[in-house]
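Spelled out from the first residue to the last, the chains are:
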Amino acid sequence: MFARPSGALALGLLVVLLLERGSHGQQAPFEVWSVDALEKVLPSAAAPAGRTAAVSFQGARGEYESAQLVVRSDQPIANLRVELSELTGPEGAIPADALAAHFVGFVPIEANTYATPREELVAPAPCELPDPLLPDAEIAVGAGRCQPVWLTLRIPDEAASGVYAGTVRLLADGGEIEVPVEATVWPFAVPSERHLQFTNWLSADRIAEHHGVTLWSEEFWAVFDRYAQAMGEHRQTMAWAPLSWIAVTEEADGAYVCDFSRFDRWVQTCERHGVAGHIEIQQVGGFEKDWSSTTIVLSDVWVTERATGRAKAVPGQVALPRLLPLVEAHLRERGWLDRTLIHIADEPSQHNTRSWSEVADYVHEQAPGIRRIDAIEGPYFAGHLEVMVPKLNHLRHWWPIYARARDEGAELWFYTCCHPTGLYPNRFLDYSLLKTRILHWYNWRFGLAGYLHWGLNWWTADPFRQVTSNGLPPGDCFIIYPGPDGPLSSIRWEALRDGIEDYEYLWVLRDATSRALERIGAGRLIDPGERSDEICRGIVRDFLDYTDASADLRAARERIASEIVAMDQAPLLVVATDPPEWQPLAEGPIWVNVRGAVERGAIVTVNGQAVTPDERGEFIAQAPLSGHGPRVTVKAELEGRQKTVERAWPVLERRPQRP
């Protein structure tokens, strides 16, 4: 009897056999290999040497995880299909419907994002780039073309931790290939509560237009319900709701009466699907002529006369003092006031700051209970905005001013749009998925409470063939596509969600650290967020200094997960170092301070040297290190249980060169 191979060896043998023969022994009519879900696969991509096909997921309960396979054949494939199995584990199974497969569509790019070096682009234009997740159950693949298959696993909230196994079968006339799937479920959950605010502005008009339904009809609401569901699944927290959705009637005495039914139904639909962090009222003002204007003016409000039924445009300075108090009262009655934000005018800059501030204060006088928010193009808006949203490049340029405003009580977010380009991360079609996913690491790195982008679904007439308009970078206008019955996701939208879940991992680690320190009864030496900050700074060191390697991000994420799991295990041990792990060391000599908190009674060593904690369980030790693989190992032992925490540093062997 032969011994049964186990683990990675068994998986590797199975992959080799399947790739050679298909799952029923016949020669497969195509080849399959796996690639990182952060890789954009071009139709002309070459099959990598030593390729294998095996799908691996790692995630927490309640999380969405992505993987990617690539299919290629020298001959045309008429009807490529995908079948998914359930994933079986030691304590049950993850049902097959928790795993979804989509063929990735390609869209044409006629011009690249401007002011972007070639090395920052996925491919030079003109080209085809992968983006939409298609609804097709089967697809034709041209000879010699690569066809990505996107796999999404939604880990059930009740899934037991452990390793699950199943298969993905790829079928076409003449044969099939069966690919093994392995899913590791961590013993913690991504919180259902959102700790990061996230908005993409949504066009109701374009939903109606592209789905062929009348705006505000029951058919429209049925379609919009599916959009709200998709927004909630992608952790969007903002319900975008213009004042124009409120029907305003003017009585004979000049008083206003409001019909909030459309407004309320929109908000309630969003709430039903978890899009309930904020209600975001659209801008009530704008530039007098264009962006160069020094004057900001209030927009007209459409009002219907009760007596005549005539609709008329009323100047904002006349209408808003009557309308906004009614809106504020309605929001208070609904219990929505505390989470409603109102935009004043989009992207004011230094040359119109004075006029914008006067308008912002005027709006605030009419509805003081509604907090103000705006995407801003300058630093001097403190005192007139409760939520400041500078563009990422401006955040870098004027960081001390924005950080001071935040420290003085303003809520600070950031946004991207058609800017910034070049070396900055953004969500453009011709940028890597890593540059999209990493955006929310910036949120954690710089203590930013939210992220805004204007373009959820501002589609062109044919978004599958025309991915931009008005000279904007490709993909800036939208990140989802209109499908037969609702929205189609994109690999960029999936990457954005993955980045938000990365943020939640950092939050969970901080929360677990806080609970461990509380259980120990210590907290004088270590801030609960230090370790999350430390790992994040290894990925985003500064505004333009961030990793360009997917492997680095995945390693950091796995490290966060493993430390979350270890934090609750006995003996409780929390460690921090000075300098932190992200800071390179240099011979000179090297000394590192180790701060720690441990359960009382534990025996502690730092690099093999005994350390005595104080009565609170806290300790400080100084460790001399060499410049060759500097590492600190902290061990704690209590009642036969042991825990080890390690920190390792990069080494500088020459002085950094100035750019």
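Conventions and cut-offs
- Residues numbered from 1 in each chain as written.
- Predicted model: local features only at pLDDT ≥ 70, side-chain atom pairs only at ≥ 80, totals over all residues.
- Heavy atoms only, no water.
- Axes fitted to C-alpha atoms, helices over the stretch in contact; angles between N-to-C directions.
- Helix = DSSP H or I, 4+ residues; strand = E, 2+ residues; numbered from the N terminus.
- Parallel < 35°, antiparallel > 145°, perpendicular 65-115°, else oblique.
- Left-handed = near helix turned anticlockwise from the far one by under 90°.
- Contact = heavy atoms within 4.5 Å.
- Nonpolar A, V, L, I, M, F, W, Y, C, P; charged D, E, K, R; others polar.
- Phe/Tyr/Trp six-rings, centres within 6.5 Å; stacked < 30°, edge-to-face > 60°.
- Buried < 20%, exposed > 50% of the residue type's maximum accessible area, 1.4 Å probe, protein only.
- Lys NZ or Arg CZ within 6 Å of the ring centre and 35° of its normal.
- Pairing = 2+ DSSP bridges.
- 1 Å grid on protein atoms, 1.4 Å probe; cavity = no way out; pocket = protein on both sides within 12 Å on 5 of 7 lines; lining within 4 Å.
- Points joined across faces, edges and corners; volume = space filled by probe spheres on them.
- Salt bridge = Lys/Arg side-chain N within 4 Å of Asp/Glu carboxyl O.

*Asks:* Got a sec to walk through the packing of helix α2 (residues 204-211) against helix α3 (residues 218-233)? Specific residues and values, please.
*Replies:* Think of two packed helices as two axes; the pair is described by the angle between the axes and how far apart they sit. With their axes 10 Å apart at the nearest point, α2 and α3 run at an angle of 115° to one another. Relative to α3, α2 is oriented roughly perpendicular. Both α2 and α3 take part in a crossing whose hand is right-handed. The segment α2 lies against α3, with Ala204, Ile207, Ala208 and His211 engaging Phe220, Val223, Phe224 and Tyr227. Of the residues belonging to the contact of α2 with α3, the class tally is 7 nonpolar, 1 polar and no charged.

*Asks:* Go over the packing of aromatic side chains with me, naming the residues and quoting the values.
*Replies:* Aromatic ring pairs are described here by two measures, namely the spacing of the ring centres and the angle between the planes. The final tally for this structure, using the stated rule, is 26 aromatic pairs. Between Trp399 and Phe543 the ring centres are 5.9 Å apart and the planes differ by 65°, which places this aromatic pair in the edge-to-face class. Taken together, the residues span a long stretch of sequence, with Trp399 in helix α8 (residues 399-407) and Phe543 in the loop between β30 (540-542) and β31 (545-546) at a distance of 144 residues. Where Phe414 meets Tyr451, the ring centres are 5.1 Å apart and the plane angle is 55°; that geometry is what we call tilted. Of this pair, Phe414 sits in strand β26 (residues 414-415) while Tyr451 sits in strand β27 (residues 450-453), and the two are 37 residues apart along the sequence. Of the two residues, Phe414 and Tyr451, neither departs from the other in class, the shared state being buried. Joined through ring pairs, the aromatic side chains of Trp216, Phe220, Trp221, Phe224, Trp245 and Trp266 make up one cluster. Its end group placed over the ring of Tyr431, Lys435 keeps NZ or CZ at 4.2 Å from the ring centre. The ring of Phe446 has Arg445 sitting right over it, with the charged end atom 4.4 Å from the ring centre.

*Asks:* Can you lay out the sheet that holds strand β34 (residues 603-606) for me, pointing to particular residues and giving the numbers?
*Replies:* If you walk across this open sheet you meet the 4 strands as β35-β34-β37-β38, and the pairing is antiparallel. The open sheet has two edge strands, β35 (609-611) and β38 (641-648), and neither has a second partner. Taking each pair of neighbouring strands and ignoring which way they run, the sheet shows an average axis angle of 25°. Pairing analysis gives 3 bridges linking β34 to β35, with the strands arranged antiparallel. Looking across to β35, one finds that Val604 is bridged to Val611.

*Asks:* Kindly report on empty space enclosed by the protein, identifying the contributing residues and their values.
*Replies:* Remark: the empty space left among the atoms is shown by a probe the size of a water molecule rolled over them. Within this structure, the stated rule accounts for 1 cavity of 30 Å³ or more. By volume, the largest cavity is sized at about 40 Å³. Along its surface, the largest cavity is lined by Ala37, Leu38, Trp150, Leu433, Arg437, Ile491, Ala495, Asp498 and Arg554. Elements that contribute at least two residues to the lining of the largest cavity include exactly α9 (433-437) and α11 (491-520). The element that contributes the greatest number of residues to the lining of the largest cavity is α11, accounting for 3 residues. Tallied by class, residues from the lining of the largest cavity come to 6 nonpolar, no polar and 3 charged.

*Asks:* Can you explain the pattern of salt bridges? Please cite residues and give values.
*Replies:* One pass over the structure, following the stated rule, counts 49 salt bridges. In this structure, the salt-bridge partner of Arg339 is Glu271, at a minimum N-O distance of 2.1 Å. Here the residue Arg339 occupies a position in the loop between α5 (316-334) and β22 (340-343), and Glu271 occupies one in helix α4 (residues 261-272), the gap between them amounting to 68 residues. Residues Arg616 and Glu618 are paired through a salt bridge, measuring 3.1 Å at the closest nitrogen-oxygen approach. Through salt bridges with shared partners, a single ionic network connects Glu63, Glu65, Arg437, Asp498, Asp502 and Arg557.

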